[in-house]
Amino acid sequence: MSDHSIFAPLLPSNHLPHKSNGDDQEHAPERHVILTVEDDGVQHLLSNGDHLGTHISEVDDNPYAFLGANRFDMPGSTTVDPFRNNTPRVEGVYEWLKIVVCLPITLVRLVLFGLALMIGYVATRTALLGWKDRSSPMPKWRSRLMWVTRMSARTILFSFGYQWIRRKGKPAPREIAPVVVSNHVSYIDPIFYFYELFPTIVASESHDSMPFVGTIIRAMQVIYVNRFSPTSRKHAINEIKMFSECVIEVYLGDMKCYVPSQRKASCDQFPRVLLFPEGTTTNGRSIISFQLGAFIPGYPIQPVIVRYPHVHFDQSWGNVSLAMLMFRMFTQFHNFMEVEYLPVITPHENRKESAVRLAQRTGHAVASALNVVQTSHSYGDVLLLSKALEANQENPSLYLVEMAGVEAEFHLSSLEAVDFLDVFLSMNPDSRGQVEIHHFLKVLRLKPSTLSEKIFGFIDVQKSGKITFKQFLVGSAHILKQPLFHQACESAFTACDGDGKNYIMEKEFGDSLMLSIPGLSNNEIRGLFTLFDIDRDGKMSKDDFIGCLRRYPLLIALFSPCVLQQICP
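Residues numbered from 1 in each chain as written. Predicted model: local features only at pLDDT ≥ 70, side-chain atom pairs only at ≥ 80, totals over all residues. Heavy atoms only, no water.

## Let's talk about the overall build of the protein
In terms of helices and strands, the protein carries 21 helices and 15 strands. The proportion of buried residues among the 569 residues of the protein is 49%. A separation threshold of at least 6 residues defines the contact pool for the protein, and within that pool the share at least 24 residues apart is 71%. Of the roughly 27900 Å² that the protein leaves accessible, carbon and sulfur atoms contribute 56%. (Helix = DSSP H or I, 4+ residues; strand = E, 2+ residues; numbered from the N terminus. Buried < 20%, exposed > 50% of the residue type's maximum accessible area, 1.4 Å probe, protein only. Contact = heavy atoms within 4.5 Å. Areas by Shrake-Rupley, 256 points an atom, 1.4 Å probe, with all protein chains shown as cover.)

## Quick look at the nonpolar core
Y64, F440, F472, F509, F545, I556 and F559 are the most contacted members of the largest nonpolar core, which has 74 residues in total. Setting aside chain neighbours within four positions, we find F440 in contact with M427, V435, I455, F456, I459, I467, F472 and L554. One finds A116, A219, M220 and M329 within the second-largest nonpolar core, a separate group that totals 42 residues. (Core = buried A, V, L, I, M, F, W, Y, C linked by side-chain atoms within 4.5 Å.)

## Here's the deal with the UniProt feature "transmembrane region" (unreviewed entry) in the protein
In this structure's numbering, the residues bearing the UniProt feature "transmembrane region" (unreviewed entry) are residues 96–124. Helix makes up 100% of residues 96–124 and strand 0%, whereas the separation of the span's terminal C-alpha atoms amounts to 38 Å. (UniProt positions renumbered as here; feature names shortened; annotations may be inferred.)

## Some thoughts on the packing of aromatic side chains
The final tally for this structure, using the stated rule, is 25 aromatic pairs. Between F545 and F559, the aromatic rings sit 5.1 Å apart at their centres with planes inclined by 65°, giving edge-to-face as the arrangement. Here F545 is found in helix α20 (residues 542–551), whereas its partner F559 is found in the loop between α20 and α21 (560–567), with 14 residues between them in sequence. One exposure class covers both F545 and F559, and it is buried. Three or more aromatic residues joined by ring pairs make a cluster, and in this case those are F493, F509, F529, F532, F545 and F559. Here the basic side chain of R150 rests over the ring of W147, its NZ or CZ set 4.0 Å away from the ring centre. Positioned above the aromatic ring of Y503 is the side chain of K501, whose terminal nitrogen or guanidinium carbon lies 5.3 Å from the ring centre. (Phe/Tyr/Trp six-rings, centres within 6.5 Å; stacked < 30°, edge-to-face > 60°. Lys NZ or Arg CZ within 6 Å of the ring centre and 35° of its normal.)

## Considering the pattern of salt bridges
Counted under the stated rule, the structure contains 21 salt bridges. With its nearest N and O atoms 3.1 Å apart, the salt bridge here joins R551 to D422. Linking R551 in helix α20 with D422 in helix α13 (residues 414–425), this pair joins segments that are 129 residues apart in sequence. (Salt bridge = Lys/Arg side-chain N within 4 Å of Asp/Glu carboxyl O.)

## What to know about the pairing of strand β2 (residues 179–182)
Going residue by residue along β2, you find V179 and V181 tucked away on one face and V180 and S182 tucked away on the opposite face as well. In this sheet, strand β7 (residues 273–275) lies alongside β2 in parallel orientation, the contact comprising three bridges. Bridging from a neighbouring strand, V180 pairs with L274 of β7. (Pairing = 2+ DSSP bridges.)

## Some details on the environment of F113
Residue placement: F113 occurs in helix α3 (residues 93–128). Given a relative accessible area of 18%, F113 falls into the buried group. For the pair F113 and F158, spaced 45 residues apart in the sequence, the C-alpha separation amounts to 8.6 Å. The residues touching F113, leaving out its near neighbours within four places in the chain, are I156, S159, F160, M326 and F330.

## Observations regarding the side chain of E95
Mapped onto the fold, E95 is located in helix α3. By relative accessible area, which is 1% here, E95 ends up buried. One polar contact links E95 to K98, side chain to side chain, over a distance of 2.8 Å. A polar side-chain atom of E95 sits 2.8 Å from a polar atom in the side chain of R328. (Polar contact = N/O pair within 3.5 Å; in protein donor to acceptor, adjacent residues only side chain to side chain.)

Printed below as a string of structure tokens:
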């Protein structure tokens, strides 16, 4: 009869990590360890008061229970691809016939486009000549000269087939709404807004070096931003505040008045600020998550929406080259464009409304006016899409993950997600974007074993025998962002580096792996060692070790016996 006292082990010995040696019987009772909150080793490892060993008694197939990582739930997905141009190629007899008929017109339009671009460029260079203080408003005579460039922009729109543009509503005065936000569908949008509003825009630093374009956006007193640099984004927000800060809203009961700020005299001469909060172009059939830069300053915002009604030719800048898009525009009789100015959205509670809430209200207004849905896609999905296109994937849209939701849930950056996609694509996904276990194990240099099957099963949440990129990304991020992950990496390295020389050789690395996957051959150990030895110098430093685990966080499961030995020597 079993002993049910509190001192009896709850788990049989085959559930605990052990070494395969002749001392198993002699030391068997010592392996049934009860970890308590008073254990100094555990307290030393954890900074949040939890215990690394609290989950090791879970009797399931979770290879990451020692980290405290539970099974994860997959975020919901949508089949919407907001970046796809629906007519990337010329299709149908009518379109081919129209191209043939419009070819003579196209030549005239090209000449008109070139002349307008040249005149606008010369006028802009003249307006900028000798102007050193770019932090102050543009002098009036220079601004008047920029009207030549603005008329050139309207001529460029005409040459692209936008002979008339339908407008609904009117732009609010700058002192009421210093910030304008718009959905972003085509490169035509900023050309129109340049002509219509002559605003200050937020643009990537790389645009400054573009021929013609760089000169023109400098005249718009552009706010440069590096979207991957937190410092640059913070600086851009401060610049938006500077350009927008003309009045300070004060609410006194039901009466609203405007109190001049210290910068009022000069700020009145600054143009309003235009932002595309989606951060990239979409196909106009949905809007994606809004970035918060336009909403953090807390100023009144006027949303503006653009539509491009069409039957045969989708004018959105999606999976189509710029040259093809321009050619298709030149060879249309007329391209339709509609612009609608929506009511101004004013922050609640004397501008103390959170940026997130203000962005949500603005996004709802834009989506309602367009009669479309707002998804959790972001610019990060564009990076993933580009990566899949570079890899010649049959259906790149399978690798869209609605990055805004993933980033909010797991605090994973877009660049980290692209790195994970690079790993996943090396696993040879099929035409449906799915990877089978043998390709998964091959890339991770794992042999088929109980542990490797558990690792695969951990991210195969649907138990289909195949994994998608979103499952791989979310599963990897779930492990990588565990509070104990970095401490577990440190402990694993310390355990493998038995003599404290701050690097691991292949033999001791293999000895550590044998604890979790017995029977590894020398070639299999060498394959894993090569994966970890990033600098290929024949010995594994701590940077190599932790760097590899950050790229392949699922491999931390290989070192669970080492980590537990550090806690319970």
